[in-house]
Structures are given as structure tokens and as C-alpha cells.
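Summary of structural features
Next come the chains, spelled out residue by residue.
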Amino acid sequence: AIILFFKGLAIGAANVIPGVSGGTIALITGIYDRLINSIKSVDATAIKLLFQGKFKEFWSHINGTFLTLIFLGVGVSLVSLAIFFKWLLENDNPSYEIWLYAFFFGLILVSIISVGRTIQKWDVITIVSLVIGLALALFLTFLKPGVENEATYYLLICGAIAMCSMILPGLSGSFVLIIMGNYKLIMVDAISEANLKIIIPVGIGAILGLLAFSRVLAWVFKRFRDQTIALLTGFIIGSLAIIWPWKDKTFLKDANGETIIRKGEKVLSGYENWHLPDFSNVETLIAVSLIVVGGIAIWAMEKFASAEQEENPVKA
């Protein structure tokens, strides 16, 4: 139970950061298939058992203990890290943001190897799938983010689309929210401030999207596993550009060329000028060290998950 809770914490942590996928963490910790199939089991049969008062059968049917532990970990991680990241990203010291992204760059870099080597057979279709995934990720990287929108219907859509991408290894739900213009509104401000006006419609959209998309994913993984993982590996490779620590932000401007200020802050429109850092200063050395630490963290997580799966393949 403790191990599953900590895996949930790791998935939640990944979902907070743009460019990092909670699905990637689920995949390399050995619970991805079980997670998707458990979510998919919340179906008509489950609802029938619930309304018939057969709670034990209902709980067993949906793998309730497993889902509760995972999503409890995700929830705790989302709330606690949203507050921490809000402080880091809004701090006057720009080094904090660089260090944060450096750590997650290391996570993603090593996860490419972790996810890619689960492909059992490489062929032309698998390679093409990898290239398509890479191209799609790069396309998303250079899209200009939309404008922040608090309309209820848009929050429902954000929740559904973001949750679908969060359970796809390699595709960051947080980055999708940046593209849709609502990352800071939802993942930073609303969660850290417990703004239910924002959280409730996003949550409803997320639940509906999760239940619907899990069925599609389960079907695809069962029939085209290698090609799907190759596609997702391409997504992960492409997401390295999103999370690269040394790049410049661009902000939305009005018709007169003045920077738009919304709720007292500049509105992010994208990134430009990807560049190498100055390796002669301490800030860069710390960032490089954090890249290494991030890589080691993923490596250790995978080793731990593999050892656990060998010891207890039913529960891993």
C-alpha cells in the first residue's frame, strides 16, 4: 500500500510540471496497464453493483484499493507541489525556475531509455510511429499558447483533454494546458488557493475524459502495444524541447506592442532562443547536477519497480 501511494505521489508530481507526463511515470514503475484497466472497469457493471448495494463486489470489480491508493498519492502530490511550484515560479530569483526544469529534463532524458526499451520488436511501422510521435511533440512545442479563459464550458474541455494527455506516456497534460492558455489558472493558482469555482468543472471534465479515454487506450495497447509505445517514446523525445531549461520566454502583447498584464502578471505566449548555458557560473553547474539527479531518480525508480515486479508480479 505504501509503495502504491508513493507511485501515486510520483505520478502527481509529474503531472504538475509542463513537459513531464504522469503516464510516463506509471509506465516505468510497472503499473500502467493495471491503472488503465482499473479505470476502464468503472463501467455499467460497476454502477449496477453499486446501486444493488453489493459494495464488496463493486470494490473488487473496479480494483478499488489500488485506485484509491494511486489517486490519493496523486491528490496529495498535486496540492503540495502546486504550492511549492507556485513559490518557485513566482520567486524573483530566475535560477529557481532553471533548476526546476533542469531536474525534470534529467527525468525525461532517462525515461526515454526506460520507456523505449519496453518495445519488444522494432520494424518499419514501429520506427514510423516513433517519428510521428516526435513530430507531433515538436509541433505542440512551437504552438503559441491560447488566452486564459475561465468560462465553465472551457474549463470542462480543459479538464477532459488534459486528463487524457496526462495518462498518455510522453504527452504532458500540464503542457497541453499551457497550449490552451489555462495552465497557471488551473495547475498553480486554483489548486494552491483551493478555488472550487475552477477546480469543480475541471474535475468533472477530467473524470469524464478519463473514463472515456481509458477504454480507447486499453483497446489500442492490447492490439498495437509496440507501435503505441514507439509513438509515445517519440512524444517523450520531443518533449525535451519543452522542458529545456535555457530558453527565453515570450509574452503576449497588444496592438501597440505593449505587454499585456492580466491579474497583475504577464501572459506567457511561448518560448524562443533555445541556447546552451554558460558553464563557467555556479548556477549552470547546479542545474547540470540536477539533471544528473533527475536521471538517477528515474533510474532508481525503474530498478525499484522491476525488483518489486519480480518479487510480486501480481501486485506490481
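For the structure itself, look to the data block above.
To keep things clear, this report deals only with the structure shown in the data block. Quick caveat, the model's predicted, so the values are computed rather than measured. Note on numbering: residues in each chain are counted from 1, in written sequence order. Only residues with pLDDT of at least 70 are given local features in this predicted model, and only at 80 or more are side-chain atom pairs given and counted; all residues enter the totals for whole chains, interfaces and linings. Excluded from the side-chain calculation are hydrogens and water; included are all heavy atoms of the structure.

Thoughts on the packing of aromatic side chains
Note on aromatic contacts: the rings of Phe and Tyr and the six-membered ring of Trp form a pair at centre separations within 6.5 Å, being stacked when their planes are under 30 degrees apart, edge-to-face when over 60 apart, and tilted otherwise. Summed over all chains, the structure comprises six aromatic pairs. Where Trp 219 meets Phe 224, the ring centres are 6.0 Å apart and the plane angle is 65°; that geometry is what we call edge-to-face. Ring-pair connections join several aromatic residues into one group, and the members of that group are Phe 105, Trp 244 and Trp 246. As a reminder, the over-ring test applies to NZ of lysine and CZ of arginine, requiring each to be within 6 Å of the ring centre and within 35 degrees of the ring normal. When the ring centre of Tyr 101 is taken as origin, the NZ or CZ atom of Lys 247, which lies over that ring, is 4.9 Å away.

Side note on the packing of helix 12 (residues 196-223) against helix 13 (residues 225-243)
Interaxial angles span 0 to 180 degrees and are taken between N-to-C directions of axes, which are lines fitted to C-alpha atoms, for helices over the stretch in contact. Strands are runs of DSSP state E lasting at least two residues, helices are runs of H or I lasting at least four, and both sets are numbered from the N terminus onward. Look at helix 12 against helix 13: their axes get within 5 Å of each other, and the N-to-C directions meet at 115°. Comparing their axes, helix 13 and helix 12 come out roughly perpendicular. Of helix 13, the residues touching helix 12 (which contributes Val 220, Phe 221 and Arg 223) are Arg 225, Thr 228, Ile 229 and Leu 232. Under the scheme applied here, ten amino acids are nonpolar (Ala, Val, Leu, Ile, Met, Phe, Trp, Tyr, Cys and Pro), four are charged (Asp, Glu, Lys and Arg), and all others, including Gly, are polar. Its residues assigned to classes, the contact of helix 12 with helix 13 comprises four nonpolar, one polar and two charged. Angle categories: roughly parallel below 35 degrees, roughly antiparallel above 145, roughly perpendicular from 65 to 115, and oblique for all the rest. Contact criterion: two residues are considered in contact whenever any of their non-hydrogen atoms come within 4.5 Å of each other.

Quick notes on the pattern of salt bridges
In the sections that follow, a salt bridge refers to a side-chain nitrogen of Lys or Arg positioned within 4 Å of a carboxyl oxygen of Asp or Glu. Within the structure shown, the criterion is met by one salt bridge. Among the ionic pairs, Asp 33 bridges to Arg 225, the shortest N-O distance being 3.0 Å. Pair noted here: Asp 33 is in helix 3 (residues 32-40) and Arg 225 is in helix 13, with a separation of 192 residues, a long-range link. Residue exposure (1.4 Å probe, protein chains only): buried if accessible area is under 20% of the type maximum, exposed if over 50%, otherwise partly exposed. In this structure Asp 33 comes out as partly exposed when scored by relative accessible area, which is 36%.

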